[in-house]
Amino acid sequence: MAHGQEREENAYASVGPSLSVRWVQGFPKQNVHFVNDSTICYPCGNFVIFINIETKKKTVLQCMNGVVGVVATNVPYEVVAFSDRRLKPLIYIYNFPGLTRRTKLKGSVLLDYTLLSFSYCGTYLASYSSLPEFELALWKWESSVILCKKSQPGVDVSCMTFNPMNWRQLCLSSPSALTVWTVEKSNQEHYLKAKSVKLPMEDGSFYNETDVIFPTSLPKDLIYGPVLPLSAIAGLVGEEAETFRPKDDLYPLLHPTMHCWTPTNDLYIGCEEGHLLMVNAETLKVTILNKIEDTTSREGCHLINPVTMAYQKGGVLISGIDGFVYSFIIKDLHYKIEDFLQVEEPVEHMMFSPSYQMLLIQTEKTLTHSGEVCVWCLEDGTCASRICLNTPATVLASSPSSFSAAVGTQEGSIHFLDVRDPETPRAVYKVFPSEWSVQHLLYDQRGIYLLVGTSEGCIFIINANPSSLFQILGFVEVGKDILQISTVSLLETDIVEVMVLSPLPETGRSRLEIFTLPTTLPQVSTSFADERGRLRDELIAKFLYEIEHTLSSAVLDYQSHQVYGFCNQVPYICSYRLPEKEHSGICILKPYQKVQSKHYGPGMLFLSPHGLWLTTIAKGGILCIRDVHTLETFARSRSHSHQGHGIQSVRISMDGKNILVNGRNDGTLVYLRWRRFGGNLASEILEYCQKLLISLSNTMDEENDYLSILKRESLNLGSTSEHTVNEDTKLSIDSSQEELTQVDNSKEIPWIQQKSQEAIRKEVKLFSKKRKEIKTGIKALAKTVLTMMEENEAIDNIAKLEQKEFSLDLEELERLHNENEEEVAKIRKDAEMHNLAKAYLAELIKEECWNAMAVKGRALKCFHMPYVVENFPMKERTDEELKELKRVLQQKKIETECLKLRKEIVEVQSAITLVKKHREEEDEEEEEDVAVKTSNLPNYLLGSLSTDFGVHASLLSGQLELHSREEKINQIILLKDVIYKVKTIFNNEFDAAYKQKEFEIARVKERNVRIQEIILDLDLEEVVWQPEFDDCEKPERTLVVENKEITAHRFVNPWQKNKTQFSVTSKMEQWLLTRGPDTRHRALMDMMGGVLEVKKEDILRMVIPQPAFMAKPDAVWSEEERKQFKEYEKKVKELNEEREKYRKSLEAEMKKLQNSIQESTQNFDEHLKRLFERRVKAEMVVNQEELKINNLVFSLLLDEEISSREAFLNNYLIKKQAEKNQTSEAIQKAKEDLDTYREHYDNLLAEDKVLDRSFKKEFSEIPSHQVDILYKLFKRRPRIQKQKIHSDTAGIVPFGERPESGKLNKDAFAQLMKAMDDLDNISNMPEGLDPLVWDHFCQTRRAKVENEQKVKQKAAGLMEMVAFLRRRTEEDEKLQQEIEKVFHERIVLQEEKVRFQLNLTIQILLKQGQVELENFQLLLEYPDAILINKSIIEDLNCVIRAQGQKKVASMMESKDVHKGIFQIEWEHKKMEMEMEDLNQKAWDIQMLFFSRDRQKYLNEPNYETLIAIQIGVMEQTIAVLDKTHKKNVENCKKLLKKLGRYSNQKDIANYTLSCNLREELVAVSERKDICNAIGSQLTCEKIAKEQYENMMHQQKLTNISKQQAEQISILQAEVERLRMKTFPALVQM
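Everything numeric here is computed off the predicted structure, so don't read it as measured data.

About the cut-offs
Residues numbered from 1 in each chain as written. Predicted model: local features only at pLDDT ≥ 70, side-chain atom pairs only at ≥ 80, totals over all residues. Heavy atoms only, no water. Helix = DSSP H or I, 4+ residues; strand = E, 2+ residues; numbered from the N terminus. Buried < 20%, exposed > 50% of the residue type's maximum accessible area, 1.4 Å probe, protein only. Contact = heavy atoms within 4.5 Å. Areas by Shrake-Rupley, 256 points an atom, 1.4 Å probe, with all protein chains shown as cover. Salt bridge = Lys/Arg side-chain N within 4 Å of Asp/Glu carboxyl O. Pairing = 2+ DSSP bridges. Axes fitted to C-alpha atoms, helices over the stretch in contact; angles between N-to-C directions. Phe/Tyr/Trp six-rings, centres within 6.5 Å; stacked < 30°, edge-to-face > 60°. Lys NZ or Arg CZ within 6 Å of the ring centre and 35° of its normal. Core = buried A, V, L, I, M, F, W, Y, C linked by side-chain atoms within 4.5 Å. Arc of directions from axis to C-beta. Parallel < 35°, antiparallel > 145°, perpendicular 65-115°, else oblique. Left-handed = near helix turned anticlockwise from the far one by under 90°. Nonpolar A, V, L, I, M, F, W, Y, C, P; charged D, E, K, R; others polar. Patch = residues over 30% accessible without salt bridge, like charges linked within 9 Å, V, L, I, M, F, W, Y side chains within 5 Å. pLDDT = per-residue confidence, 0-100. Lys, Arg positive; Asp, Glu negative; His and termini not counted. Charge placed at Lys NZ, Arg CZ, Asp CG, Glu CD.

**So, the overall build of the protein**
Assigned secondary structure in the protein consists of 23 helices and 61 strands. A burial count over the protein gives 35% of its 1629 residues as buried. By sequence separation, contacts in the protein at least 24 residues apart represent 57% of the contacts at least 6 residues apart. Roughly 101000 Å² of accessible area belongs to the protein as shown, and the carbon and sulfur atoms make up 54% of that amount.

Take a look at the structure:
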C-alpha cells in the first residue's frame, strides 16, 4: 500500500527500534471528496485516506502534527488541501497521486479552520476559521499568499462554496443566515465585499423591513415631544443600534441547511422548513419555488429536512433524514418531486464525480451500532470478510487457543465466531451470562479462560475451549466501574492469576483484587462455586489491595511480584511490590519505582505476550513501548492525537512484529510494524512465541475440529447458542407468600438468573414438607385467633381486649407500626416544610408590607353612615433620600438668597437713577409690588392644591422655568417631599380622628354598662348596640391567628397534655386553700339574702310576703287578720307605686343615655365625613403632584432618548466619515494604479503598433512582392481548436467549460505557441526566400503574437481596474449621501431638542366654568395659541393702565381749560341776565301792586299775635291728621300680614311651578339636542336669522335714537326760548 507522510516537525523521531505505519483503516466522520473521477478521499484521525473506486486501492497520507482538520480537493489540479488542529494551525496542499507537498499555508488563525474550498477556476483557496477570528481568507495557494481576508465576529458558517462559473463569487451559509461574497480585483489587489440575503419568514412570506437608522414612518406627536426610533428609546448608541429590533418585531426566518450553484449564477437553497429557494447572486432577489403536487406519489416519502443537495441538469438531487434521495425537476419557478433512490440510513453528504457519471452518497450508519465484525488482511489491510450480528457491540477479543473470537454486546450476550476461514466467518455460539452491558473481554495468555467484565462489577469466567461449548464456570463480584482486567498464565504453571482494577471515588483511592483460577476449574467448577454460580473467595485465594492514589490502569507482571500502575492525576508510571506473605483484609501498597510517563492525560498499560515490554498509551495519542524492568522507552509512535481523545486500545501479535492501535473517538485503526526488528528485542519474544505455539498446537487442532462440529450443529439446529429453558414453565418464589407461580419462558433468560432460579427450586424442593406443616399450623392458629376475637367482641367493654392484643406476629405489628410512624413523620415533615415555606413567604410579605411601613395602612368607618376613610401607608425615607433632599433645599435657599441680593442691587441702582422722576419711581414701585405678588404662585399656576394643606411651595421652581435636567431632578425631589408632607399632615388628622373614635367607643361601652343594667332591671328584650373596630380599622389583628379561627382539631403532644392537667390541678388546689371556711357567707345568705342593705335597684325585685292566713278562706278570717290584710294591700299598693316610679326613672335614664350615645356618634360621623372630604382632597393633591412628577420623568426620559439619538448619530457619522476616508483613499490609490497601468498598457500598445509599422522597414532589402507575401503571413494567425468534451459526458455535465481559468489560459497559450511552430515550419516558406530571412521573419512574428497576448491580458486588467474604480466611486457617492443625511438628521434633531426644551408641559388648575367655549365645541389643538405667564400680562396691563391714567390727566387738563372758558362765558351771560333782572325789578317797583295782606301787615299792630293764633289752629289740625295717619298705618299693617300669607301661598305655588318648569326645561333641552342632532344646518340658519333680526332691530333703534335726539334738541331750544320769557323786564324809569 502506498503511503505518504509529512516528515517535518516530528518531535518524536528516535534512533534505534522505530515503528512505521503500514496501513490505516477508518470510516469518514467528515464529508468525502473526489480527487479525480476514480479516486475519493476523506480524513480519518491523523490520516487522509485515498481510495481508488475502480481498483479499491488505498493510499494513506499522515499529518504529523495531530489530527486532520478539514479537507478540500481541487480536481483540475489534482491537489488536496487539509489543515491540522494544533495551536496556530497550518494548511497543507499535496499533489495526487504523488502525495508530495506542494506548499504550506500559514495564516494568523489561532485555533482551527472550519471550512476549506477550492475555486473551480484558477488557483484560489478560501478558508474560514472559527473562534476567535471568524475570518474568511482568500489564498493564492500556488504562491502561498493571502490575497484578502475579512473578519465577521460571532458568525459561524456551516457551508462555503465557490461559484463554479465565476471564482469571484462565494456563498457562505449558516442555519440562520446566507451571505454572498464578491472578490473585487484591481491589478494585484483583492478585496472581499459581503452582501446578506434577506430570507423569507417561516411561512414563506416576505417581511417588509423598515429603515432602522433613519425611519421615515414615525408619527409626529405635538404634545409629548418628538417620536424617536426604538434604538434611541432603548438607549443604544453603538453599532448595535443599527440593527436593533424589539422582540415583538423579530419574526422567525427560514433556516438554510444546504445550497448549490447553477450555471446561470443562481443559488438553490434548501431550508429546514422544507422550502426551496432560488437566489440571484447579482441582485440577491429571493424567489420561493412552488411545488407541483403529484397525486401519484407514494405516501410516506416527503421531504422533511433537506440535509444535502447536488445540482444536476434540470434540477437538483436532495436528501434528508428520512433515508430517501429525491429528484427535484425545476422548470421556471416550479418544481416537481420524483423518487430517485431509497437508502437505509439518513444521508449525510452527496456529491457527483467531476464527470457526473457517479454519485457518491454518504450515510450516518456506523459499524459499532450495527454490530458488524470485519476481518482484515494484515498484509495489505483489505477487508477479507464481514459478518453482522444485528446488535450493538462493545468489545472484541481473539482466542490464542483456537481460531475463534468473542464479541461482547450492550445487551449482555457474548457471540463466538469461527474465523478458521477468514473469508467466511460464522457466528457459532452465544452465551448470555447477564443482562448487564459487557465492558471487558479478555483471554488469558494460554487461552484457557475468557474473562467477561460487566458494568455492575461482575466478572464471569467462561471456558475458552469450543469443546466445552464455552461453558460458564462462575462469576466473581468485584467493585463497580471496572477499569482493567489483567491476567498471568505461564506455561510452567497450572494456575491463572487475575487482577482487577476498580476505583474508590469516595476515598480517592484505587482497589486491586487478585484471585487465582486453577487450570482444573472446568472439572471442579461445581465445588468452587455456590448454588448461584458465585466462586468462593477462599477457594480462589482472593486478596484485596488498595493504593492511596487513583490509577487509570494497572497490570500484573509475569512473576506476580509487582504491579505496574498508570497514575490518573499525575503524569507518573509506578510499580508496586506485592507482599510475599498472605494477609487478610485490605493491604495498602506503596510505590516501589516511579518514572515520568511523558504522556498527556490518563493512560493505559498493556504487557506484551512474553511480558518484557510494557506498552503505554494515553490521551495524547502517542504509543510508547518500555522495558518492563527499567520502565525506559525504547520505541514510540504518534498514531493518533489528543483532539481525538487519544488511543483506546493496543494489541501486539504473539511474535511481536505486528501492532494494532485503535483510536478512541477518531474511528481509526492503525497497523504499525517495526522498521528494524532484530537482536535481543526479537529473539526473546520469538522464543516465547515458539514455545507457546508448541504447547498449544495439539489443543488448537482439537478445538478447531470442535469448531467445525459447532458449525454443523448451528446449521442443522439453528441457533443452538441461545441458552433457553426447554420447559414451558418454571417455578419462581414470591418473596412474601412463597407461592409457586407459572412464568412465561418466551424471553431469553440470562445464566445468572437461571442459576438463581435453580437454587430457589432446590430450596423449595428440599423444604417442601416442612413448608406444608408450617402452612397447616398457621391456618389452625389463624382459626383459633379468629374464634378468640369473636368471643372478645361478645364480652363487656371493661373486660374487652384491644385489637392489637390478638396480633401473633408482634415483630410484623411493630414493623407496620414503625412504617406508619415513619409515614406520619414524613407527612408531618412535609406539612412542616410546607408551613415553613408559607410562614417564610408570610414573613417576607409582612416585612415588606407591614414592618417596613413607618405608617401602617388602616381605615376608619363611620358609626351610622357608609363612609370609610383610609390613611396613607408610608415608608420611612432612606438616608440617601434625606441627604438628597437636604442638598436640594440648601441649593434652593442659596438661589433664593442670591436672587434677593440681586434684586436689592437692582433696587438701589434704580433708586439712584430715578430720584428726579417721582412719577416713574411710583410706577416702578407698583411693578415691584406686582412682582412680589407673583412670586407666590397661585394654585392654578402651581398646578396643585398643596398650599391648602399648609405646605410651603416657595422653594418650588415655576413650571415655566424648568429647562435644565438638574432643575427637573431637583423639582422631582421637592415634589416628592411635598407629597410626603401632605400625606403626613393628613395622617396626623387621621390619627386624631382614630383616637377620637377610640374614646367614643370607650365612652359608649361605659354607658352601655349602665344601659345593660337597666335592661336587666326592667326585663326588656332590647339588644344593646355595641360598636367595635373592624379588621380594616385594626389590620394588625389579621397578623395574629386566634384559637377560635382554627377549625381543625389542635394536635397536642402528650407532654403538653400532662402539663395542662398539672396546671389545672394546681390552680384548683390553690383556690381551695385561699377560699377558707364559708360560715359567714352561708349565714349572710340565710338571714339577709346575701346583702347587708337593700339598694334602690332591688325595689323591682322586692316582694311583700303574704300573711299565712291568706291560705284560708275569707269567711274564716278574724278581725285582726282582716286588718292585717288591709295593711298588706296598702303595702303592696305603695310598693307598686314606688316600683312604677322607679321604672319610669330607669326608662328616662336609658333614653337619655341612648340619646347621648346617638348624638356623640353622629357628631363623630360628621367629623369623619369632613375628614373623608379632606382625604379626597389630599388624594387629589397627591395625584396632581405625581402627575407633575410623571411629566418631569417623561421629559427626562425623552431628554435621555434625544441624547442617545444624538450620540448614535455622532458615532454613526464618525463611522461613515472613516469609511468615507477609506473609500477616498481607495479611490485615490485606484486612480494612481489605473494611471500607472494605463501608461504601461499604452506603452505596450505602442510597441505593438511599432512592430506592425516597422515590419516593411526590417524587410526592405528583399523584393516588394515577397514583402507583401510575408506581411500577409505576418498577419496570419493559427486557428486553435477548443477541446471538446467527450460525447458521453457532454450531455450530463451541467457546468461545461469553466471560464477565466488560469490553467486554461496557460494551456491555450501553449497550444497557440505549438500552432505557431507549425506555421514556422520551413514548408510554409515562400519560394525564393532566403532561409535566414524566414527565420528572422518567424522570430518577428512570434514576438508580435506574444505581444498581442500581453496586450489582451493588459486590456482585460485595465477593464477590471476601470470597473473597480467605478464601484469605489459609487460607494463614495453613496457614503457622501449618507453623511449628508446624517447631518440633516442631526440638524432636525437639534431643532426638535430646542423646541422640546422650550415647549414645556405644565399643569394648570382651572375652576369649573372658568373656561367657556361657544356652541359647546371643545378644541383639542391650539396651533395658533401660545401659553405665557400671567405676570407678563399683568405687567403689561399695569403699563397700559399708567399710560391710560396719563392720558386721562391730560384730557382732564384740557377739559378744565374748556370748562374755564365755558364758566367765563356763563358768568358773562349771568351778569347780562342779572342786569336784565335788575332792570325788570326796577320796572316792577315802578309798577308795584300792594295786596290786602301786605296792607294788613303794614296796618295791623299785633300782627304777630294774629299769626300765633293761626299757628295754634294749624297744630290742632295736624294732630287730627296724625291720628288719622296712625289708624291708616295699622290698617296697612294688617293688610301687609294678609298679603304676606298670600305671598307664602304664591311661593309654594311658584316652587311647584319651578319644579314643573325644570322638567319642562329638561324636555326642552332634550328636544333641542334632538333638534341639533337632526338638523344642525337649521340651527345655523336660525342663528343667522336671529343675528340678522338683531342687526335690523339695532339699526332701527339707532334711527329712532337719532330722530329722538333731533326732537330733544328742538325741545331744548323751545324750553330755552320759554325760559327767557319768564325773566322780568326791568324798564328804566
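**Regarding the pattern of salt bridges**
When charged atoms on two side chains of opposite charge get close, those side chains can pair. Applying the stated criterion across every chain, the model contains 49 salt bridges. Arginine 858 is the salt-bridge partner of glutamate 1036, the closest N and O atoms lying 3.4 Å from each other. Taken together, the residues span a long stretch of sequence, with glutamate 1036 in the loop between helix H11 (965–1018) and helix H12 (1054–1075) and arginine 858 in the loop between strand S58 (853–855) and strand S59 (859–861) at a distance of 178 residues. Among the residues examined, glutamate 1036 registers a relative accessible area of 28% and is labelled partly exposed. Here arginine 1010 ties to glutamate 1013 by a salt bridge, and the two come within 3.2 Å at their closest N and O atoms. With arginine 1010 and glutamate 1013 both in helix H11, this residue pair falls three residues apart, about one helical turn. For glutamate 1013, a relative accessible area of 38% puts it in the partly exposed group. Each of Glu184, Arg1367, Arg1368 and Glu1371 takes part in a single network of salt bridges with overlapping partners.

**Considering the sheet that holds strand S51 (residues 622–627)**
Sheet architecture is open: four strands sit in the order S49-S50-S51-S52, paired in antiparallel fashion. Only two strands of the sheet have a single neighbouring strand rather than two, namely strand S49 (603–607) and strand S52 (633–638). Strand-to-strand, the axes of this sheet are offset by a mean angle of 20°, without reference to chain direction. In the sheet, S49 pairs with strand S50 (residues 613–618) via five bridges, with the strands oriented antiparallel. Each bridged residue has a counterpart across the sheet, and for glycine 603 the counterpart in S50 is alanine 618.

**Some remarks on the packing of aromatic side chains**
Here the structure, examined in full by the defined rule, presents 30 aromatic pairs. Between tryptophan 613 and phenylalanine 634, the aromatic rings sit 6.1 Å apart at their centres with planes inclined by 65°, giving edge-to-face as the arrangement. Of the two residues, tryptophan 613 is situated in strand S50 and phenylalanine 634 in strand S52; the sequence distance between them amounts to 21 residues. By the ring-pair criterion, three or more aromatic residues cluster together here, those being Trp613, Phe634, Trp674 and Phe677. Seen from the ring of phenylalanine 1029, lysine 1034 lies directly overhead, with NZ or CZ sitting 4.8 Å from the centre.

**Focus: the sheet that holds strand S34 (residues 414–418)**
Strand order in the open sheet made by the four strands is S32-S33-S34-S35, with antiparallel pairing throughout. Unpaired on one side and paired on the other, strand S32 (393–398) and strand S35 (426–431) mark the two borders of the sheet. For this sheet the average axis-to-axis angle between neighbouring strands, irrespective of direction, equals 25°. Summarising the sheet, strand S33 (residues 404–409) and S34 pair through five bridges and their orientation is antiparallel. Note on S34: the bridge partner recorded for alanine 405 is leucine 417.

**A word on the nonpolar core**
By size, the foremost hydrophobic cluster in this structure holds 37 residues, and its most contacted members are Leu956, Val982, Phe986, Leu1168 and Leu1171. At the level of elements, helix H8 (879–913), H11 and helix H14 (1119–1253) are the ones that each hand at least two residues to this core. Examining the composition of this core, we find that twelve residues originate from one element, H11, more than from any other. Setting aside chain neighbours within four positions, we find leucine 1171 in contact with Val869, Phe986, Glu989, Phe990 and Ala993.

**As for the environment of valine 343**
Looking at the secondary structure, you find valine 343 in the loop between strand S27 (334–342) and strand S28 (347–352). A residue is classified by how much of its surface remains accessible, and valine 343, at 19% relative accessible area, is buried. Sequence separation of valine 343 and threonine 363 is 20 residues, and the distance between their C-alpha atoms is 8.3 Å. Each residue touching valine 343, except ones within four places of it in the same chain, is listed here: Gly323, Val325, Ile361 and Thr363.

**Focus: helix H3 (residues 521–528)**
Taken together, the buried positions of H3 are Leu521, Ser525 and Phe528. Down the axis of H3, the buried set is contained in an arc of 80°. They therefore lie on one face. Looking at H3, the residues exposed on the side facing more than 90 degrees away from the buried face are Gln523 and Thr526. Tucked inside the fold, the buried residues of H3 contact strand S37 (449–454), strand S38 (458–463), strand S39 (472–477) and strand S42 (509–518).

**With respect to the side chain of lysine 1344**
Topologically, lysine 1344 is positioned in helix H19 (residues 1331–1398). Relative accessible area serves as the criterion here: at 3%, lysine 1344 is assigned to the buried category. When near neighbours in sequence (up to four residues on either side) are disregarded, lysine 1344 contacts Asp1248, Leu1251, Asp1252, Phe1274 and Arg1277.

**Brief notes about the packing of H14 against H19**
Direction vectors running N to C along H14 and H19 enclose 160°, while the axes themselves pass 6 Å from each other. Considering their axes alone, H14 and H19 lie roughly antiparallel with respect to each other. For the pair H14 and H19, the crossing hand works out as left-handed.

**Section: the packing of helix H16 (residues 1264–1275) against H19**
Direction vectors running N to C along H16 and H19 enclose 35°, while the axes themselves pass 10 Å from each other. As for how H16 packs across H19, the hand of that crossing is right-handed. In this structure, H16 uses Leu1270, Leu1273 and Phe1274 to contact H19, whose residues at the interface are Val1333, Trp1334, Phe1337, Thr1340, Arg1341 and Lys1344. Per-class residue counts for the contact of H16 with H19 are six nonpolar, one polar and two charged.

**Some words on a nonpolar patch on the surface**
Taken together, the side chains of Leu87, Leu110, Leu111 and Leu131 present a nonpolar region at the surface, about 390 Å² in accessible area. Its place among the elements puts leucine 87 in the loop between strand S8 (79–84) and strand S9 (90–95).

**With respect to the pairing of S37**
Counted residue by residue, S37 has six buried out of six residues, so it is predominantly covered. Covered by surrounding structure in S37 are Tyr449, Leu451 and Gly453 together with Leu450, Val452 and Thr454, the residues of both alternating faces. Bridge count for strand S36 (residues 438–443) against S37 is five bridges, and the pairing is antiparallel. Paired with histidine 440 across the bridge in S37 is glycine 453. Counted between consecutive antiparallel strands, the loop separating S36 from S37 contains five residues, among which glycine 447 sits at a positive phi close to 70°.

**Concerning the pairing of S51**
Of all six residues that make up S51, five are buried, and the element is covered over most of its length. Across four bridges, S50 lies against S51 in antiparallel orientation. Across the sheet, residue tryptophan 613 finds its bridge partner in S51, namely aspartate 627. In sequence, S50 turns back onto S51 through a hairpin of three residues, with glycine 621 there showing a positive phi of about 85°. Direction of pairing for S51 relative to S52: antiparallel, over a ladder of five bridges. For isoleucine 625, the partnering residue across the bridge sits in S52 and is alanine 635. Remark: five residues form the turn of the hairpin made by S51 and S52, two consecutive strands paired antiparallel; leucine 631 in that turn has positive phi of roughly 60°.

**Focus: the confidence of the model for the protein**
In the predicted model, the protein carries a mean pLDDT of 82, and 87% of its residues have values of at least 70. When the criterion is pLDDT under 50, residues 715–745 qualifies, and its contacts beyond four places in sequence or with other chains add up to 49 contacts.

**Observations regarding unusual backbone geometry**
Cis geometry marks the peptide bond from phenylalanine 96 to proline 97, where omega comes out at 10°. Locating proline 97 in the fold gives a position in the loop between S9 and strand S10 (101–106). Proline 132 follows leucine 131 through a cis peptide bond whose omega is -5°. In this structure, proline 132 sits in the loop between strand S12 (124–129) and strand S13 (135–140). Here the phi dihedral of lysine 88 falls at roughly 55°; this positive angle occurs in a residue that is not glycine. Within the element layout of this structure, lysine 88 appears in the loop between S8 and S9. Although it is not a glycine, leucine 99 adopts a positive phi angle of roughly 55°. Mapping leucine 99 onto the fold places it in the loop between S9 and S10.

**Considerations on a negative patch on the surface**
A grouping of Glu1232, Asp1235, Glu1239 and Asp1242 is seen on the molecular surface, where their side chains present a negatively charged patch. In this fold, glutamate 1232 is placed in helix H14. Overall, the relative accessible area of 43% leaves glutamate 1232 in the partly exposed class.

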